[in-house]
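Structural overview
Chain by chain, the residues run as shown.
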Amino acid sequence: MSDHVHKLFPHIEQRIFDLGTVPPLDYSSALESCIDEFQPTLLVFSWRDIQIYAPVGGRGGNPLQNAFEFYYAKNPLIKLRGALGGLRIFIAYYVELWRNLGLIKRGLKCAQKYHSRARAVVGGGAVSVFYEQLGKSLPKDTIVSVGEGETLLTKLLSGQEFADERCYVVGETQPRQRLIHEQPTALEKTACNYDYIASIWPEFNYYLEDEDFYIGVQTKRGCPHNCCYCVYTVVEGKQVRINPSDEIVAEMQQLYNRGIRNFWFTDAQFIPAKKFIDDAVELLQKIVDSGMTDIHWAAYIRADNLTPKLCELMVQTGMNYFEIGITSGSQELIRKMRMGYNLKTVLQNCRDLKAAGFNDLVSVNYSFNVIDERPETIRQTIAYHRELEKIFGADKVEPAIFFIGLQPHTHLEEYAFKEGILQPGYNPMSLMPWTAKKLLWNPEPLGSFFGEVCLQAWRQNPHDFGREVMNILEEKLGCAPLAEALSAPIEKKEKHLVGAS
Ligand code: B12
Ligand code: SF4
């Protein structure tokens, strides 16, 4: 956004203040001294994460384990351990939330010492998801923005009316009904000018020094799909907008010349649909032609949209992290979750990827119990997983067991309303145990069963949680023939999600 502002208004002075490099105890004083020095007229707060339910087990830590111990453990000591762990997370979550809100208030007050009409505008990933709730705690007159901020900032800085942007003003306007579903303005993104960015962001080099960072580069915006639990498709919109490949490569080259070798294509989906395969091929071919031969990259990839040519280019350009977010190995459930892909095609594409020389780890994301899960669909998922192991090698395929953290503005939320699991007006930012139990999506009748399986897996093999869960499920329920997993007979009395769009 700073790059965008600079390209349109080169005379405007900007300064990036980066909390990521400041110790938490110094946040307030560092922010205030930056404002005292720079004396801004507009404070642009970018708030990326308000992770409420990290539905991750085995890799990222223990929030899931704490919650499951608290909700499902029969042993009172384990239950207590879960409760204490949960309490720690609960406190950390609210402390962070209040601290960030406090920083916005404090920053604004401080800026108003120098310019009485200084204003705050807040946006970013977290604000886009929780824009309705956050407005209640922000200072009056703050502009709350959903999704991309470029056109809003353009209007704001040129003094134009901005009410038609995806935003509202605290204390003046209410967020419009279905604001988040409004389409973003089309915008062609050019290569970010990192020389300029480095000049306004004193801490920029910190990110270049650590070789582990995967620096984000966006190649497109939007996702046309409808997966029932996903909010990306509303945050970014359904219209896919491709950034020019020359601009993307030029941006990567600037970073490359500063020593960066790891890139994350931050698109909601790197290959959102078949018709974008050619764009991905063009981009990867240009990366090959640019001579950046020692890079690695990762992205969210729908494995149904691969071709042998694309697989070859992916391997050649250094894709070294790959998540297959299939959610379930049962074609029937894939259809019910509106995920719109064919599991047979995914298998074939994985074979192509392997044939192209992909030999790194593959993380396969499974979210059990989203909708209509039954013992037979679990057996199908096991069959599917075993087939992936045959393709890549059992040691290379890591099942990541997720439980969906329900997010607002998704079909799953509508489904929860329809089924009476949640009531409209609930607070999606609440971490109270009774709300958390519903939002950490694992409904009965199978909820307790999964709870017990996960607890057993943590007990038996905490360091290989995902594989242990799969083994326990197979021991308990068996494994279906693969053909059954891949077929989805149309039933007459299918449970539908509400609200097609
Ligand atoms: C790519 C991605 C990742 C990659 C990041 C790779 C990398 N090296 O950058 C990976 C997989 C590592 C990742 C991890 C996580 N992610 Co993530 N991620 C995304 C994703 C898909 C895109 C983010 C992105 O970089 N976009 C490209 C940039 C250019 O856009 P942007 O930052 O959003 O900025 C634009 C707008 O937001 C807006 N904007 C931003 N700031 C401001 C400020 C103002 C004032 C205005 C007006 C506008 C504005 O304008 C910008 C330009 O258009 C989003 C979902 C989405 N589709 O947006 C989730 C998302 C940001 N992630 C999220 C989360 C939670 C996480 C994790 C905490 C998950 C976890 N449990 O571990 C981690 C945390 C990582 C971290 N350190 O912050 C959430 C955050 C919201 C929330 N629920 O709290 C999101 C929104 C997904 C979601 N719906 O839940 N993530
Ligand atoms: S394909 Fe991915 S980004 Fe698109 S709606 Fe589905 S889960 Fe979301």
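That block above? That's the structure.
With that settled, consider a negative patch on the surface. Together, Glu 209, Asp 210, Glu 211 and Asp 212 make up a negatively charged patch on the protein surface. Secondary-structure assignment places Glu 209 in helix H9 (residues 206-209). The class of Glu 209 is exposed, set by a relative accessible area of 63%.

This paragraph deals with helix H20 (residues 465-477). Along its 13 residues, H20 runs 18 Å from first to last C-alpha, staying within 8% of the 18 Å computed at 1.5 Å per residue. Residues of H20 that are buried include every one of Phe 465, Gly 466, Glu 468, Val 469, Met 470, Ile 472 and Leu 473, and no others. Next to the buried residues of H20 lie strand E11 (362-367), helix H16 (375-392), strand E12 (397-402) and helix H19 (447-460). Backbone geometry just after H20 places Gly 478 at a positive phi near 90 degrees.

Before going further, it helps to spend a moment on the nonpolar core. With 101 residues, the main nonpolar core has Ile 324 and Leu 388 as its most contacted residues. The contact partners of Ile 324, leaving out residues within four places of it in the chain, are Ala 303, Val 346, Cys 350, Val 362, Ser 363, Val 364, Asn 365, Leu 388 and Phe 392. Formed by 39 residues, the second largest nonpolar core is a distinct cluster that contains Leu 43, Ala 111, Tyr 131 and Val 231.

This part takes up the pattern of salt bridges. Taken as a whole and judged by the stated rule, the model has 30 salt bridges. A salt bridge links Asp 49 to Arg 48; the nearest nitrogen and oxygen atoms lie 2.5 Å apart. Of the residues examined, Arg 48 reaches a relative accessible area of 64% and is grouped as exposed. Between Glu 148 and Arg 221 there is a salt bridge, with its nearest N and O atoms 3.0 Å apart. Here Arg 221 lies in strand E6 (residues 220-221) and Glu 148 lies in the loop between strand E3 (143-145) and helix H7 (150-157), a separation of 73 residues in the sequence. In this structure, a network of salt bridges that share partners links the residues Glu 332, Lys 336, Asp 372, Arg 374 and Glu 376.

Thresholds applied
Residues numbered from 1 in each chain as written. Chains lettered and ligands numbered in written order. Predicted model: local features only at pLDDT ≥ 70, side-chain atom pairs only at ≥ 80, totals over all residues. Heavy atoms only, no water. Patch = residues over 30% accessible without salt bridge, like charges linked within 9 Å, V, L, I, M, F, W, Y side chains within 5 Å. Areas by Shrake-Rupley, 256 points an atom, 1.4 Å probe, with all protein chains shown as cover. Salt bridge = Lys/Arg side-chain N within 4 Å of Asp/Glu carboxyl O. Lys, Arg positive; Asp, Glu negative; His and termini not counted. Charge placed at Lys NZ, Arg CZ, Asp CG, Glu CD. Helix = DSSP H or I, 4+ residues; strand = E, 2+ residues; numbered from the N terminus. Buried < 20%, exposed > 50% of the residue type's maximum accessible area, 1.4 Å probe, protein only. Expected span 1.5 Å × (residues − 1). Contact = heavy atoms within 4.5 Å. Core = buried A, V, L, I, M, F, W, Y, C linked by side-chain atoms within 4.5 Å.

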